[in-house]
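# Structural features, examined
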Amino acid sequence: MGKLIVVSGPSGVGKGKVIEELIKIYGEEGKKIFLSVSDTTRAPRSGEIDHVHYNFITQDEFKKNYENGNYLESNDYSGNRQLYGTPLMPVKEHLENGYDVLLDIDINGFKQVLNKYPNNTIGFFITVDFETLENRLRGRGTETEEKIQSRLATARKEVAASTIYPHKIVNEDNKVRESAMEIYEILENQYGEKTPCLK
Ligand code: 5GP
């Protein structure tokens, strides 16, 4: 049975890049990892590909899946009828086949997964200091001042709630490889086959 690795963090901390790098490290080490693709009812952003970044589905399809118990966890992220859910079957099958499974989900999702798989779920919260985050959000040059302030306020709340994560990773500028390696080494040294300390 593989491990369920949950990676969360505020927008702008470089979570996606750390996840990509972690998958690369698994490949280099000859280990099996599966990145779960979530269902969402939000519209695709430019550059996002259906079934690669998300499965983009309708509210009705989501509702049907939810009622049929097809989700490992699900969440109304923005409170604005933008729904996100982790399809259960692919996760279950990969875990049973010895894959570690990577979930890019928020804190509500982490709590649900921890509830369902208490023995092999490990949570990582990716963060940066607020000055770096503010510079990154401004550096994108695509957001209004109001949007930047609102994202920073959300990030502050998320960081404040992140104490339930056993591991916090500070992803400073140009340190993606180091952050991914830190996660990999924690998994190896604290949860590896030779040091089983999962419940
Ligand atoms: P975005 O819309 O920016 O891609 O994602 C918004 C937030 O939703 C991020 O924090 C992301 O990690 C989270 N998220 C993405 N997919 C899921 C999911 O299946 N379940 C939960 N609970 N959160 C998700």
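Higher on the page you've got the structure.
Residues numbered from 1 in each chain as written. Predicted model: local features only at pLDDT ≥ 70, side-chain atom pairs only at ≥ 80, totals over all residues. Heavy atoms only, no water.

## Overview of the overall build of the chain
When helices and strands are counted, the chain shows 7 helices and 9 strands. Expected size for 199 residues packed as a compact globule is a radius of gyration near 16 Å; at 17 Å, the chain falls within 12% of this value. With respect to the three principal axes, the spread of C-alpha positions in the chain is 50 × 40 × 30 Å. Here the chain holds 199 residues, and the buried ones make up 42% of them. Contacts spanning at least 24 positions in sequence make up 65% of the contacts within the chain whose residues lie at least 6 apart. Carbon and sulfur atoms form 49% of the exposed surface of the chain, whose accessible area is close to 11,200 Å². (Helix = DSSP H or I, 4+ residues; strand = E, 2+ residues; numbered from the N terminus. Rg over C-alpha atoms; globule rule 2.2 N^0.38 Å. Buried < 20%, exposed > 50% of the residue type's maximum accessible area, 1.4 Å probe, protein only. Contact = heavy atoms within 4.5 Å. Areas by Shrake-Rupley, 256 points an atom, 1.4 Å probe, with all protein chains shown as cover.)

## Section: the packing of aromatic side chains
Each aromatic ring pair is specified by the distance between its two centres and by the angle formed by the two planes. Inspection of the entire model under this criterion finds 6 aromatic pairs. Centroid distance Phe125 to Tyr165: 5.3 Å. Interplanar angle 55°. Geometry classified as tilted. Of this pair, Phe125 sits in strand β8 (residues 121-127) while Tyr165 sits in the loop between α6 (145-160) and β9 (167-170), and the two are 40 residues apart along the sequence. Each member of the pair, Phe125 as well as Tyr165, carries the same accessibility label: buried. (Phe/Tyr/Trp six-rings, centres within 6.5 Å; stacked < 30°, edge-to-face > 60°.)

## A short note on the site of the ligand
Taken together, 15 residues are adjacent to the ligand, and Ser38, Arg42, Tyr54, Glu73 and Tyr84 come closest. At the level of secondary structure, the elements contributing two or more residues to the shell around the ligand comprise β5 (71-76) and β6 (83-87). It is β6 that provides the largest number of residues to the shell around the ligand, a total of 3 residues. Along the lines of polarity and charge, the residues of the shell around the ligand split into 4 nonpolar, 5 polar and 6 charged. (Near = heavy atom within 4 Å. Nonpolar A, V, L, I, M, F, W, Y, C, P; charged D, E, K, R; others polar.)

Everything listed here is a matter of geometry and, on its own, says nothing about what the molecule does.
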